[in-house]
Amino acid sequence: MRIVDVKSYLLPKTPPPVTFRWRAGLPGSDDFDEPMVLRIVTDEGVDGYSEIRRGRIGLDLVERRLKHLLIGEDPLLKEDLWKKIWELDRIEELPIYALGAVDIALWDITAKVANLPLYKLMGGYRNAIPAYASTVTFGSIDEYLAVADQCLELGYTAIKLHAWGDARRDALLARELRRHVGDQIPLMYDGSAGFDFQDALYLGKALEDAGFMWYEEPMREFSIASYQNLKTKLDIPLLVAETSDGCHFNSADFIKFQAGDIVRTSTGLKGGVTGAIRIAHLADAFQLRAEVHGGGLPNIHVACAIPNTTYYESLVFENPVKRDPLVDANGMVSAPQSPGIGWTWDKSALEESAAIIV
Ligand SMILES: [Mg+2]
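On a predicted model such as this, the values are computed, not experimentally measured, just so you know.

J.: Looking at this structure, how should I read the nonpolar core?
T.: Nonpolar side chains tend toward joint burial in soluble globular proteins. The biggest cluster of nonpolar side chains holds 84 residues, and the ones touching the most others in it are Tyr 189, Phe 212 and Tyr 215. Looking at this core element by element, the count peaks at seven residues for helix H5 (residues 141-154). For Tyr 189, the residues in contact, after removing those within four places along its chain, are Lys 160, Leu 161, Ala 163, Asp 170, Phe 195, Leu 203, Leu 207, Phe 212, Trp 214, Tyr 215 and Glu 216. Leu 38, Ile 52, Leu 61 and Ala 98 belong to the second-largest nonpolar core, a separate cluster that totals 31 residues.

J.: Got a minute to help me understand the environment of Ala 98 in this structure?
T.: Note that Ala 98 resides in the loop between helix H2 (78-92) and helix H3 (101-114). Taking C-alpha positions, Ala 98 is 21 Å from Phe 20, a pair spaced 78 residues apart along the chain. If we skip the residues at most four places from it in the chain, Ala 98 touches Ile 52 and Leu 61.

J.: I would appreciate a short explanation of the coordination of the magnesium ion in the present structure.
T.: Geometrically, a metal with four donors at the corners of a regular tetrahedron has ideal angles of 109.5 degrees, and one with six donors at the corners of a regular octahedron has ideal angles of 90 or 180 degrees. With distances of 2.0 to 2.3 Å, the protein atoms coordinating the magnesium ion are Asp 190 (OD), Glu 216 (OE) and Glu 242 (OE). Every donor residue of the magnesium ion comes from the same chain, spaced as D-x25-E-x25-E. Taken together, the positions of Glu 216 in strand E7 (residues 214-216) and Glu 242 in the loop between strand E8 (238-240) and helix H9 (247-256) put the pair 26 residues apart, joining distant regions of the chain. Under the relative-accessibility criterion, Glu 216 is labelled buried at 0%.

J.: How should the domain arrangement of the protein be read in this particular structure?
T.: Reports of interface size often rely on the accessible area that becomes lost once the parts have come together. Per the domain assignment, the segments making up the protein are domain 1 (3-115 + 342-357) and domain 2 (120-334). Centre-to-centre, using C-alpha coordinates, domain 1 lies 25 Å away from domain 2. Opposite the 21 residues of domain 1 that make contact, domain 2 presents 33 residues. Interface area for domain 1 against domain 2, summed over the two sides, is near 2,100 Å², with a carbon-plus-sulfur share of 69%. In terms of surface lost to domain 2, no three residues of domain 1 exceed Arg 21, Trp 82 and Ile 96, which account for 31% of the buried area on that side. Between domain 1 and domain 2 we count one salt bridge in total. Where Glu 79 meets Arg 278, a salt bridge forms, and the shortest distance between an N and an O atom there is 2.3 Å. Within the residue set of the side of domain 1 that touches domain 2, elements represented by two or more residues are H2 and H3.

Reading guide: rules and limits
Residues numbered from 1 in each chain as written. Predicted model: local features only at pLDDT ≥ 70, side-chain atom pairs only at ≥ 80, totals over all residues. Heavy atoms only, no water. Core = buried A, V, L, I, M, F, W, Y, C linked by side-chain atoms within 4.5 Å. Buried < 20%, exposed > 50% of the residue type's maximum accessible area, 1.4 Å probe, protein only. Helix = DSSP H or I, 4+ residues; strand = E, 2+ residues; numbered from the N terminus. Contact = heavy atoms within 4.5 Å. Donors = N, O, S within 2.8 Å, 3.2 Å for Na, K, Ca; no water. Domains from an automatic or database assignment. Buried area = accessible area lost by both parts, 1.4 Å probe. Salt bridge = Lys/Arg side-chain N within 4 Å of Asp/Glu carboxyl O.

In structure tokens, the structure reads:
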């Protein structure tokens with residue numbers, strides 16, 4: 001089997017529905033959601049698909065570098081192609097969200113050839129997993145409490161906050177939310193790297209007191225020493241290495257230097273399916289969990305393929321809260337059962353709807 005073409009479909013820009021603290025007012029923030037679909041075409045009629053969220057950058061990478069690298073290669077030699085892209089990354093400094101795009105499409109091809117849903121090919125641990133409601137940033141404590149009520153009503157069994165990035169206000173929100181939902185609902189907090197050490201420590205202690213399940217990415221993740229220091233001062237589990245570069249190599253250092261209690265893994269930021277599985281197995285060797293970052297079908301497959309993870313991340317991005325079509329009334333997400341990843345795109349629909357096809 002050989003790769004004979006690599007196609008890019010830049011989809012029309014849609015207004016960003018998601019409001020996070022770091023996005024409000026950023027110039028150009030409405031460009032974030034102009035996605036590109038990548039299609040890897042083989043000589044045996046089996047195509048693989050994946051997505052790059054910042055599509056203009058994706059177009060450039062595919063046309064200028066990836067197409068030349070991929071055409072003529074065997075799509076089933078994924079480790080070989082992963083290594084070639086990793087070598088390319090040294091020169092090109094690929095955006096972290098683009099590093100795994102080819103790998104995801106290659107796994108789509110592999111699972112279609114195997115006639116299996118991806119999670120059963122990768123490992124296969126469960127058919128469904130609980131989803132947590134992962135909030136965007138809402139306007140007030142009262143609004144968060146109202147959103148939490150709706151999430152529980154919809155069947156979610158756990159809630160994670162993305163809040164304002166103000167340590168004192170976020171601590172107050174955490175206390176109020178815990179009081180509101182009671183002791184039995186797992187709550188998590190995601191700092192999205194909004195703090196320096198002193199505020200990260202203050203907020204971590206408040207989350208600890210409120211019985212939160214994990215404290216995620218309070219600071220930028222380039223200083224492992226800072227995380228190591230924070231971990232020595234907190235009992236709440238620290239979830240780390242979501243947006244740090246370097247895939248499993250970087251996760252290994254967070255683990256070795258005891259700079260976190262749980263590591264992030266994801267197909268989107270950690271080198272595709274191959275990178276995500278490497279991190280999950282690395283963490284498992286240390287009896288640690290690798291919690292899967294971000295939604296979408298490839299991440300469902302990873303979460304259902306590995307034993308050492310707890311939840312699927314389902315974004316709750318508006319109030320009133322709408323049901324995530326992937327989450328059922330019991331708060332569960334089921335892995336797609338069709339061969340491959342189970343993307344719903346098809347070639348003719350993409351060719352009709354794309355703003356730019358190359
Ligand atoms: Mg996060």
